[in-house]
Amino acid sequence: MENQCDTVFHELLHVTGLTDEYQETQKGYSRNPRSHSLHWTDHQAQLAAYDCRPNYVGSSMMKDEHEKWGLAGLNPDAQWTLTTTACQCANPTLCQRYRQEHMTGFGFQPLRQSQCPEGFTAAFSESQAISEKIHSEMLALPSGVGFHDTHGLSPDKLIEMPILESFAPLVPENLLEPRHLNAILYPNCLAKNNAYYVESQNSKRTSVQHGGQGCLNVDLLQAATQARLAAPLN
Ligand SMILES: [Zn+2]
C-alpha cells in the first residue's frame, strides 16, 4: 500500500482546527443551459467553490500535503528542490521582441537559468522535492521541453510567460507554517491568531459571483477584533 502519512497528518491537523488552503478546482456550481439556474456539482464545476479561501504564498500542509511532505525532507528519495518560476511581462517592447525570437510555436519552454529574460519580472514561483532519478532525467532533457504543470497558470498565460527551472540540493523546510503552530500551541489567543482566525472563516465560503453566500470582509473583521482587544476592560 502507498505511504499515506502525509494525508493522515493533513486530516489530523483539521482535528486541531486548521482549515484547508488549496484552491478548489472541481467542486462548485454549474449553470443549467436551459433554466440558467445554478446547481452544485462535485466535478468540473464552472464556478469553483470556496473562492473566498485565502491564497497563501508558498507550500503548506493545508494546501498540498504531498508537496510539503517532500519539501520537509520526509520522502525517503527526496534529494533535490525543483523551483519553477513564471516570468511576467514588465516592458511590452522587450517582451514582444523576446517572444518573437524565442517563443515561437510551442510557447511553454522552461529555461535553465535563474533570472527572467530582460523585460520580464518573476511573478510566480513554486517548489517541489524530486528524487535523484527525476533530477538526472530532467537534466538529460534539452532545455525547452516542459513536462511538469505549473499550478495556477492557465495554458494561455503559459504561452505568454517564459518559465524558469532551477535545481538545488534539498534543504528541508518546516512542516508547519507559523500561523499553524500558533493556532495549535496558543488556542483562542487573539493577540497571536487574530489574522489567521479571520482568514480561516473564509475557508469554506464561496463568493456571490460563484453562486455562494459571499466572502467575509477580512479587513473589517480584523479591525473589529483589534479594536476590542485595545478597548480598556471595565
Ligand atoms: Zn483538508
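Cut-offs used in this document
- Within any chain, residue numbers begin from 1 and follow the written order of that chain's sequence.
- Owing to the predicted nature of the model, reporting of local features is limited to residues with pLDDT of at least 70; listing and counting of side-chain atom pairs is limited to 80 or more, with chain, interface and lining totals taken over all residues.
- Helix and strand definitions here come from DSSP, where helices need a minimum of 4 consecutive H or I residues and strands a minimum of 2 consecutive E residues; each element is numbered from the N-terminal end.
- Any residue with 12 or fewer other C-beta atoms within 10 Å of its own C-beta is exposed, any with 20 or more is buried, and the rest are partly exposed; the C-beta atoms used are placed from the backbone.
- Angular values range over 0 to 180 degrees, each being the angle between N-to-C directions of two axes fitted as lines to C-alpha atoms, with helices fitted over their stretch in contact.
- What sets the label is the angle itself: under 35 degrees gives roughly parallel, over 145 gives roughly antiparallel, 65 to 115 gives roughly perpendicular, and the rest give oblique.
- Take the far helix as the reference: if the near one is turned anticlockwise from it by less than a right angle, the crossing is left-handed, and if turned clockwise, right-handed.
- Each residue gets a C-beta atom placed from its backbone, and two residues are in contact if those atoms lie within 7 Å.
- Each residue gets one label: Ala, Val, Leu, Ile, Met, Phe, Trp, Tyr, Cys and Pro are nonpolar, Asp, Glu, Lys and Arg are charged, and the others, such as Gly, are polar.
- Buried Ala, Val, Leu, Ile, Met, Phe, Trp, Tyr and Cys residues whose C-beta atoms connect them within 7 Å together make up a nonpolar core.
- Two strands are said to pair when DSSP picks up at least two bridges between them.

## Section: the overall build of the protein chain
Secondary structure assignment for the protein chain yields eight helices and seven strands. A burial count over the protein chain gives 21% of its 234 residues as buried.

## Looking at the packing of helix H6 (residues 178-185) against helix H7 (residues 190-200)
Packing of H6 against H7 leaves a shortest axis separation of 9 Å and a crossing angle of 120°. By the angle between their directions, the pair H6 and H7 is classed as oblique. You can see that H6 and H7 cross each other, and the crossing is left-handed. For the pair H6 and H7, contact is made by Arg 179, Asn 182 and Ala 183 and by Lys 192, Asn 193 and Tyr 196, respectively. The residue inventory of the contact of H6 with H7, partitioned by class, reads two nonpolar, two polar and two charged.

## Considering the nonpolar core
As a rule of thumb, nonpolar side chains are buried together in soluble globular proteins. Ala 86, Cys 87, Cys 95, Cys 116, Phe 120, Met 161, Ile 163 and Leu 164 form the largest nonpolar core, which has eight residues in total. If you list the elements that add at least two residues to this core, you get strand E4 (78-89) and strand E7 (163-169).

## Regarding the environment of Leu 185
Locating Leu 185 in the fold gives a position in helix H6. Residue class for Leu 185 comes out exposed when judged on the 11 C-beta atoms lying within 10 Å of it. Taking the C-alpha atoms as reference points, Leu 185 and Thr 16, separated by 169 residues in sequence, lie 9.9 Å from one another.

## Side note on the packing of H7 against helix H8 (residues 218-230)
Relative orientation of the contacting elements H7 and H8 amounts to 160°, with a least axis distance of 9 Å. Classified by the interaxial angle, the pair formed by H7 and H8 is roughly antiparallel. Crossing of H7 against H8: the hand is right-handed. Across the interface between the two elements, Leu 190, Ala 191, Asn 194, Ala 195, Val 198 and Glu 199 of H7 pack against Val 218, Leu 221, Gln 222, Thr 225, Gln 226 and Leu 229 of H8. Split by residue class, the contact of H7 with H8 holds seven nonpolar, four polar and one charged.

## A few points about the sheet that holds strand E5 (residues 110-111)
An order of E5-E7-E4-E6 is seen for the four strands of this open sheet, with the pairing classed as mixed. The open sheet has two edge strands with one neighbour each: E5 and strand E6 (120-131). Examined bridge by bridge, E4 and E6 share eleven bridges and lie antiparallel to one another. The residue bridging Trp 80 from the neighbouring strand is Ile 130, located in E6.

## With respect to the sheet that holds strand E1 (residues 28-31)
Read across the open sheet, the three strands follow the order E2-E1-E3; overall the sheet is antiparallel. One side of each edge strand has no neighbouring strand; the edge strands of this open sheet are strand E2 (38-41) and strand E3 (47-48).

## As for unusual backbone geometry
Of note, the phi angle at Gln 44 is positive, near 50°, even though the residue is not glycine. Turning to its location among the elements, Gln 44 is positioned in the loop between E2 and E3. A residue is classified by how many C-beta atoms lie within 10 Å of it, and Gln 44, with 10 of them, is exposed. Residues other than glycine seldom take positive phi values, yet Asn 188 does so here, at roughly 70°.

Shape is all these values report; function is a separate question.
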